[in-house]
Amino acid sequence: MSVTIRSLRLAILCSFNLELIARKLEATLNQRGFDIKLYFSGYGQWEANALNPSSELYQFAPDIVVLFAEFSDLIPSDSVLLSEEAEKVGEKAWQRSETVVSHLLHNLPPQSIVLCHNTIVSSVTPLGLLEGNAGYCLNIAAETFNRKLRDRCKTESRLLLFDYATLVAKHGWQTWCDRRLWHLGRIRLARTGLNLLANEYTRYIAALFTPSRKCLVLDLDNTLWGGVIGEDGLLGIQLGHEGIGLAYREFQMAALALSQRGVILAVCSKNNPDDAMAVLREHPDTILHPEHFACMEINWEPKPENLRRIAKKLNIGLDSLVFWDDSPVEREIVSHQLPEVLVVDVPDDPSDYVAQLLELECFDTLSVTDEDRRRGEMYRQQVQREIYLEQNQSASLEEFYSSLEIVVTIREASDFALPRIAQLSQRTNQFNFTTRRYSENEVQALATNPNYRLYSLQLQDKFGDLGIVGAAIIREELGCWELENFLMSCRALGRSVEDAFFAYLVDKAEQDGARLTGCFRPTQKNAPTRGFLSKYGLEPPEDWQGESWEFKMPISLLQQPSWIKILEAKADVRI
């Protein structure tokens, strides 16, 4: 499977020498599909580079700047601080970094992102056992800095926190640092620390620019509980507050936490449905209940077939699925027959389940939208719609659509909608005109550009609110609205919502004295988009051989579907 290459310019402003990370960082980013160009500030130049608008940093025009001011370089390592003094020192250290952050955000291109390290106290300090006792505390200074950074990130979408403190704590200070390298070359990190840091930078960057997996598909026996429900019965399985039953309960809690972040949960289990559902409905210690799963395939059929069925019911690709099963045999079968599905190497010991699940990078995200929090419920509603469709096949298509009571709300994108538009660009493949991917900051930049208009579409029907499922990014030129991209979530397709949205945009362009034009770039996955354009007679030129082709929308052919009620709303807040 080919990897999409994205060019990326990354600048690292560090308070010590970090150039040795370059080779490892380039290699890990290349593996994730990034063609990387690196810039380092040089020892002692991290502040000067940022504060001088004519510096090489700004000429480099980075997409991402990593700001890494190490605790010992912000606060003298030989300080013995009283607690009340420590907070003031922490504030002073933050003011130093905040000045750099402010200059970066002001002088960098509007789509650029600043990734700022939080800080951690060395495991060996001059205070020794006085740390936290008798009023002495270096950690207060570090925590004051970290609190100020967190507060700043809440108010600035282009500033993201890099959790350096947790990363170091996870791997251990003695593993992380090398005092000898510091003395020889002003290099604070050991080779192990450099490699781990490069991997973590790559993880953050990938989370910004590449789509994550959507759905965690779980087995039941020896996954959500210990034992086999069909043999051990409701009272015999291991699930509770003690022993190995606690490991399974904690695993359920971790899965629920992922669902609250926007990961869809599904079940794929060889089991008697009544027995399995009894656990999810009746067991006093279960965390996950039937309503937490968007789809459940509980039967005795081959698991590859059930996974295909889950993907079809949820209207997502197999490459959106992550499969968790305790059986090595089942994992091997799925890996062989469905290579698009990510199959987790499940640990033998259930006590290790939680760590393995929460460290899966395929679910990484740096923001959570309202749609994310409600995604599980929205996909459950989608399954209900499919059942409703099967039950009403005898009705005419127009009668069926009318019975759904479809309402769409179209508005120029508010600041609340911009993160969702970025998500749609990252995750939508089937109905995506150009498959151009935008980061949240790139969308923010377009929203402030007077030459662009961004529209969002929210969809509701009798089963509930699907949230923002469509977006249009338009660049205005004299007499022309150029559709830079048009996106529709796969769960909204099939009810002519895309036709209604397009007709609306054509009408708005005409009101503005312009004509809607666009570009289509075919991929292996966006055949539904090609079919949509073909419906209106929009085909590539006979001699077309390029990667994309341009079109102009024929106004006369576009009509609003009669079964869709369209509400036009103004943006609540516009950045």
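Structural notes, computed from the coordinates. (Residues numbered from 1 in each chain as written. Predicted model: local features only at pLDDT ≥ 70, side-chain atom pairs only at ≥ 80, totals over all residues. Heavy atoms only, no water.)

Comments concerning the pattern of salt bridges
Turning to step 1, where the next piece is worked out: With the rule as written, the count across this model stands at 29 salt bridges.
Turning to step 2, where the next piece is worked out: In this structure, the salt-bridge partner of E87 is R147, at a minimum N-O distance of 3.7 Å. Of this pair, E87 sits in helix α5 (residues 83-107) while R147 sits in helix α6 (residues 138-155), placing them 60 residues apart in sequence.
Turning to step 3, where the next piece is worked out: For R147, a relative accessible area of 30% puts it in the partly exposed group.
Turning to step 4, where the next piece is worked out: Linking R436 and E484 is a salt bridge whose minimum nitrogen-to-oxygen distance equals 3.0 Å. Of this pair, R436 sits in the loop between β12 (431-432) and α21 (440-448) while E484 sits in strand β15 (residues 480-488); the two residues are 48 residues apart in sequence, bridging distant segments of the chain.
Turning to step 5, where the next piece is worked out: E484 sits in the buried class, given a relative accessible area of 13%. (Salt bridge = Lys/Arg side-chain N within 4 Å of Asp/Glu carboxyl O. Helix = DSSP H or I, 4+ residues; strand = E, 2+ residues; numbered from the N terminus. Buried < 20%, exposed > 50% of the residue type's maximum accessible area, 1.4 Å probe, protein only.)

Here we look at the sheet that holds strand β5 (residues 159-162)
The pairing of strands in a sheet happens through backbone hydrogen bonds and is either parallel or antiparallel.
Turning to step 1, where the next piece is worked out: Strand order in the open sheet made by the five strands is β2-β1-β3-β4-β5, with parallel pairing throughout. Of all the strands in the sheet, just β2 (34-40) and β5 have a single pairing partner and so form its edges. Direction aside, neighbouring strands of the sheet carry axes that sit 25° apart on average.
Turning to step 2, where the next piece is worked out: When strand β1 (residues 6-14) meets β2, the two strands line up parallel, connected through seven bridges. The residue of β2 that forms the bridge with R6 is F34. (Pairing = 2+ DSSP bridges. Axes fitted to C-alpha atoms, helices over the stretch in contact; angles between N-to-C directions.)

Re α21
Turning to step 1, where the next piece is worked out: Judged by how many residues are buried, α21 sits mostly within the fold: seven of nine residues are covered.
Turning to step 2, where the next piece is worked out: When α21 is considered as a whole, its buried residues turn out to be N441, E442, V443, Q444, A445, L446 and A447.
Turning to step 3, where the next piece is worked out: Its buried side turned inward, α21 meets β1, β4 (113-117), α20 (418-427), β13 (452-461), β14 (464-477) and β15. (Contact = heavy atoms within 4.5 Å.)

Remarks on the packing of α20 against α21
Turning to step 1, where the next piece is worked out: Across the interface, α20 lies against α21 with an axial gap of 8 Å and an inter-helix angle of 125°. Relative to α21, α20 is oriented oblique. Handedness of the α20/α21 crossing: right-handed. Residues L418, P419, I421 and A422 of α20 form the contact with α21, whose participating residues are E440, V443, Q444 and A447.
Turning to step 2, where the next piece is worked out: Along the lines of polarity and charge, the residues of the contact of α20 with α21 split into six nonpolar, one polar and one charged. (Parallel < 35°, antiparallel > 145°, perpendicular 65-115°, else oblique. Left-handed = near helix turned anticlockwise from the far one by under 90°. Nonpolar A, V, L, I, M, F, W, Y, C, P; charged D, E, K, R; others polar.)

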